[in-house]
Amino acid sequence: MLLLCRTSDLDKTSAKSVTIQHQGRSVDIAVVRNHKGIYAYLDVCPHAGTPLEWQQDRFFDESGTYLMCATHGAQFNVHDGLCISGPCVGDSLTRLLLRVIDGEIFLNNDSEG
Ligand code: FES
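This write-up is about the structure you can find in this document. Computed from a prediction, not measured in an experiment: that's the story for all the values here.

**As for the overall build of the protein**
Along the protein, the regular secondary structure elements total zero helices and ten strands. Counted from the first residue to the last, the protein has its helices and strands arranged as β-β-β-β-β-β-β-β-β-β. Computed over its C-alpha atoms, the radius of gyration of the protein comes to 13 Å, within 12% of the 13 Å expected for a compact globule of 113 residues. Along the first, second and third principal axes, the C-alpha set of the protein runs to 35 × 30 × 25 Å. Here the protein holds 113 residues, and the buried ones make up 36% of them. Sequence separation of 24 or more characterises 43% of the internal contacts of the protein that already satisfy a separation of 6 or more. Carbon and sulfur atoms form 45% of the exposed surface of the protein, whose accessible area is close to 6,400 Å².

**Side note on unusual backbone geometry**
Positive phi, close to 50 degrees, is recorded for Gln 23, a residue that is not glycine. With respect to the secondary-structure elements, Gln 23 resides in the loop between strand E2 (15–22) and strand E3 (25–33). Relative accessible area serves as the criterion here: at 73%, Gln 23 is assigned to the exposed category. Even without being glycine, Asp 102 reaches a positive phi, approximately 50 degrees. Mapped onto the elements, Asp 102 comes out in the loop between strand E9 (98–101) and strand E10 (104–107). A residue is classified by how much of its surface remains accessible, and Asp 102, at 73% relative accessible area, is exposed.

Definitions and limits used
Chains are numbered independently. Their residues run from 1 in the order of the written sequence. The predicted origin of the model limits local features to residues at a pLDDT of at least 70 and limits the giving and counting of side-chain atom pairs to 80 or more, whereas totals for whole chains, interfaces and linings rest on all residues. Derived side-chain values reflect all non-hydrogen atoms in the structure, with water molecules and hydrogen atoms excluded from consideration. Labels follow the DSSP assignment, with helices taken as runs of H or I lasting at least four residues and strands as runs of E lasting at least two, numbered in each case from the N terminus. Atoms counted for the radius of gyration: C-alpha only. Globule rule: 2.2 Å times the number of residues to the power 0.38. The buried label goes to any residue with under 20% of its type's maximum accessible area, the exposed label to any with over 50%, and the partly exposed label to all in between, with areas taken from a 1.4 Å probe on protein chains only. Every residue pair with non-hydrogen atoms within 4.5 Å of one another is taken to be in contact. Here the Shrake-Rupley method, with its probe set to 1.4 Å, supplies the accessible areas, and only the displayed protein chains count as covering residues.

Quick look at the structure:
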């Protein structure tokens, strides 16, 4: 498992941008939190492939309810990454599995998920 960040890193904006190396490439990941839990997605919008992040560690819309793409404003559910508004309604962000242990958030890339 790969350590992404700590839960305390989410305190300011309920989100944290993390870049990892995967097969020789840099991959940007959005780690986000709401009242239900902590989730992670590739920071790639299904509409045009651009990052969601609109400022450092800012992924939520003004209401703080949905994730919002910086490019054309698509909105996504926090808990499943489904686009519910904007040009890619019905598409989803790519979700990554996490494990949270003692305040540390790990990418769970075990084959069993
Ligand atoms: S690239 Fe995200 S809404 Fe267009």
